[in-house]
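Below are the chains, spelled out letter by letter.
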Amino acid sequence: MAEPVNLNIRFEDILTEVESYNPSADLDLIRKAYVYSAKVHQGQTRRSGEPYLIHPIAVAHILAKMHLDAPSIATGFLHDTVEDTLATVEDIKQIFGPQISKLVDAVTKLSKINFNTKEQRQAENFRKMFMAMADDIRVILVKLADRLHNMQTMQHMPEDKQILISQETLDIYAPIAGRLGMQELKLDLENLALKYLKPQLWETLSEKADELQKTTGKSIEEMKLKLNEKLLEYGIKADLQARIKHVYSIFRKMEEQHVEFEQIYDLLALRVIVNTIPQCYETLGFVHSLWKPVPGRFKDYIGMPKMNNYQSLHTTVIGPKGYRVEFQIRTKEMHEIADWGIAAHWNYKEGGEINLKDEMKFRWIRQFMEWQKDLSDPAEYLDTVKLDLFASDVYVFTPKGDIREFPAGSTPVDFAYSVHTEVGNKCVGARVNGKLVPLRYRMKSGDTIEIVTQEGHHPSRDWLKYAQTSRAKAKIRQYLREEQSTRASKLGQDLLEKELDRYGLSPSKTYKGEAFLAFLKSRHIRDEHQLFVLVGYGKLSSHQVVAALLPKEQLEEMAQKETVKESTISRIFKKAFERSRGRVRVGGFDDVMISLAKCCNPIPGDSIVGFITRGRGVTIHSSDCSKVLASDKTRRLDATWNLKGADPTSTKIRVICIDKPGLLADISRIISDLDVNINQASCRSIGDQKMVNNFEIGIRDLKHLQSLIKALSKVKGVISVDRTRD
Ligand code: MN
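Residue positions are given per chain, counting from 1 as you read along its sequence in written order. Residue-level local features of this predicted model are given only where pLDDT is at least 70; pairs of side-chain atoms are given and counted only at 80 or more, and the full residue set underlies all totals for whole chains, interfaces and linings. Only hydrogens and water are removed before side-chain values are computed, so all heavy atoms of the structure are retained for them.

Focus on the sheet that holds strand 9 (residues 427-432)
Hydrogen bonds between backbone groups are what pair the strands of a sheet, and the pairing can be parallel or antiparallel.
Here is step 1: The pairing criterion is simple: DSSP has to find at least two bridges between the two strands. For helices the rule is a DSSP run of H or I covering at least 4 residues; for strands it is a run of E covering at least 2, with both sets numbered from the N terminus onward. Ordered in space as 10-9-11, the three strands form an open sheet in which the pairing is antiparallel. The two strands at the open ends of the sheet, each matched to only one other strand, are strand 10 (435-437) and strand 11 (449-453). Averaged over all neighbouring strand pairs, the angle between strand axes comes to 35°, with direction disregarded.
Here is step 2: Pairing of strand 9 with strand 11, which is carried by five bridges, proceeds in the antiparallel orientation. Between N-to-C directions, angles cover 0 to 180 degrees, with each direction set by a line fitted to C-alpha atoms, over the stretch in contact for helices.

Put into structure tokens, the structure is as follows:
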């Protein structure tokens, strides 16, 4: 059974440890947390039979070794109190204050997240964990310490639990530790997980590693002495540590490279820890002068640190007896970071408070993003679908270091509108990590975005293609709409005043006149400006306005002056308007008088644009119509199809086929089978046994037309089917 443990000795160790790296730490807080934990966990035992208190003490001890602040260590003591004792979050808050209770609560919640659950829920769980981490990084650090101790003492758990917990550790917690730069913790977690997941393999590899250590021990010692001698000769004090690759790393290498233990070259490593960066490079020179370097194995992570801040010089040399030995040369500071990552970076303010606003907060989140991308390989059960879910967000930073979340594919346009509508409207570009990028740039996690604005700049239609967020899209549309109504207003005023002029009416006088005001009132129009917009959009004709202002006789007199031809044309237009009204939304309205342009024959589904004619409402063209592209830009309007219950639209197709009896009947049948009306048809032979058939048909929309073309193309004897626009 378990040996009696003197818990107080362990506790005193923690205080000594904390004092060594943070003399101003709040030791009373730590003591209070210990006493409270001892009280509420009293009488509880672990599976091993030991007092439960062993666990919180061990967790707090690991946190002290990470050099964390007093609140983190107190949280280590308290982390299981809410879950496993009668204590509540409220109790913790009253005794230890809101900061600690928040941490304990978050760790408790994190512990309840089960990563071995249904796949859809996993992504959500990761998100939750990430949120907890983003809120306070200490939460995950306490959780990692908790997991490490649980893994270290897992021999007492039933086998199925061992496997489940080990898998979760390997899939989730070890990668997090890695991403936070906590290399030692990561390796410890991985080794322990492998021990339970593949016990036999682990046993074999451990034995082989021990054996290797024994057989190479003497040679390595020789190398250490030789190098140390050389270094001392040049006045460099160094700490040399020999080590064998971790069992889990060996296992990974064997799996990845499909090799046996004996075929792995870089099992032996020698760490050289010196004081300064120049000494690192000097040491490298000595190593290369003493032993033959293996080509292509030198890596300078000092000049080019890894994402997780790891810095070191790596080189592999051929040592005595042909053993390959990897040298890892670094400064003491780099060494601490390599082992403890983020924890080694901890900044202390007065009173041991963590400065969360500092650069580190920024860095670790950046690293975490990177880890999210890497999840694909350790997590076999997290298939690609979920990874997509994960990758669906990007996290970027404001110049002040605040984090912002956007859907994948978002651009600086989205960012700008998230800051302020005005920033969005005036943005011309962005600086990403200091470099100028265009607005179409797709932001990546970790980017720092600074929006460049310019007074007098406005959103354009293209921006809708760049924007991913509904907020940005809505704001851009709103701007475009307002801009259009300004344009419509100008046009409307122009049209109306020309018409007034024709009847010898002065605009300014008219607008003040009683008849005019009565007309506005009868139509529920606020003022002349609103009227201009309505006329500009063609919802009211300028003539209708004038007709309401003048006596009938005067109008008739004028009408007689007009040519008969003109009135016929306007009648035709009126008819066309009546039919097409409601099928297209123009500038956000669906009751604008429109007509479909004859030059390009747009049908529902085509991308369209409105064109304000002088006095004939709005003509709808297809967006790529050459006529509209050549026209006055200021007279263009946004237009979209309004498809609900719309009548079929007329369009033309040309079918070229072999001149063969019965084929035309086949074609006609297919057209009517697809619920398409034939309004007009012309068929003629063009010799060479070929026929051209032109059909004018009534079609619902572009999709409908496409399925018709597809069906006709399949008919035997049909050579080509095309939509025609002449
Ligand atoms: Mn625990």
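Points about a negative patch on the surface
Here is step 1: Only residues whose relative accessible area exceeds 30% and that take part in no salt bridge are eligible for patches, with like-charged residues grouped when within 9 Å of each other and nonpolar side chains (Val, Leu, Ile, Met, Phe, Trp, Tyr) grouped when within 5 Å. Surface accessibility follows the Shrake-Rupley procedure with a 1.4 Å probe radius. Residue values consider only the protein chains on display as shielding. For salt bridges, the criterion is a side-chain nitrogen of Lys or Arg within 4 Å of an Asp or Glu carboxyl oxygen. Think of it this way: Lys and Arg go in the positive column, Asp and Glu in the negative one, and His and the chain ends go nowhere. Taken as the charge location is NZ of Lys, CZ of Arg, CG of Asp or CD of Glu. Taken together, the side chains of Glu203, Glu207, Asp210 and Glu211 define an acidic patch exposed on the protein surface.
Here is step 2: Mapping Glu203 onto the fold places it in helix 12 (residues 199-233).

As for the coordination of the manganese ion
Under ideal tetrahedral coordination, the four donors around a metal are separated by 109.5 degrees; under ideal octahedral coordination, the six donors are separated by 90 or 180 degrees.
Here is step 1: The donor definition counts N, O and S atoms within 2.8 Å of each metal and applies 3.2 Å to Na, K and Ca; water is not among these atoms, so some sites may look incomplete. Coordination of the manganese ion by the protein involves His55 (NE2), His79 (NE2), Asp80 (OD) and Asp146 (OD), with metal-donor separations of 2.1 to 2.3 Å.
Here is step 2: In the primary sequence, the donor residues of the manganese ion line up as H-x23-H-D-x65-D. Highlighted residues: Asp80 in the loop between helix 4 (70-78) and helix 5 (81-84) and Asp146 in helix 9 (residues 137-152), separated in sequence by 66 residues. The pair Asp80 / Asp146 is uniform in exposure class, with both members buried. Each residue is placed in one exposure class: buried if its accessible area under a 1.4 Å probe, protein chains only, is under 20% of its type's maximum, exposed if it is over 50%, and partly exposed if it falls in between.

Focus on the environment of Phe397
Here is step 1: On the secondary structure map, Phe397 appears in strand 7 (residues 393-397).
Here is step 2: Accessibility expressed as a relative area gives 0% for Phe397, which makes it buried.
Here is step 3: For the pair Phe397 and Val432, spaced 35 residues apart in sequence, the C-alpha to C-alpha distance is 9.7 Å.

Some details on the environment of Glu50
Here is step 1: If you trace the backbone, Glu50 turns up in the loop between helix 2 (27-40) and helix 3 (54-65).
Here is step 2: What makes Glu50 buried here is its relative accessible area of 19%.

A few points about the sheet that holds strand 16 (residues 636-641)
Here is step 1: Spatial strand order, 12-16-14-15-13: five strands in an open sheet with mixed pairing. Looking at the sheet topology across the chains shown, the edges are occupied by strand 12 (584-586) and strand 13 (594-596). Shown here is a sheet whose adjacent strand axes are inclined to one another by a mean of 35°, direction ignored.
Here is step 2: Sheet topology places strand 14 (residues 608-612) next to strand 16; three bridges connect them, and they run antiparallel. When the sheet's bridge partners are listed, Gly610 is paired in strand 16 with Leu637.
Here is step 3: Of the strands in this sheet, strand 14 and strand 16 are in contact with helix 22 (residues 470-502), which crosses strand 16 at around 120°. Note on contacts: a residue pair qualifies if any of its non-hydrogen atoms lie within 4.5 Å across the two residues.

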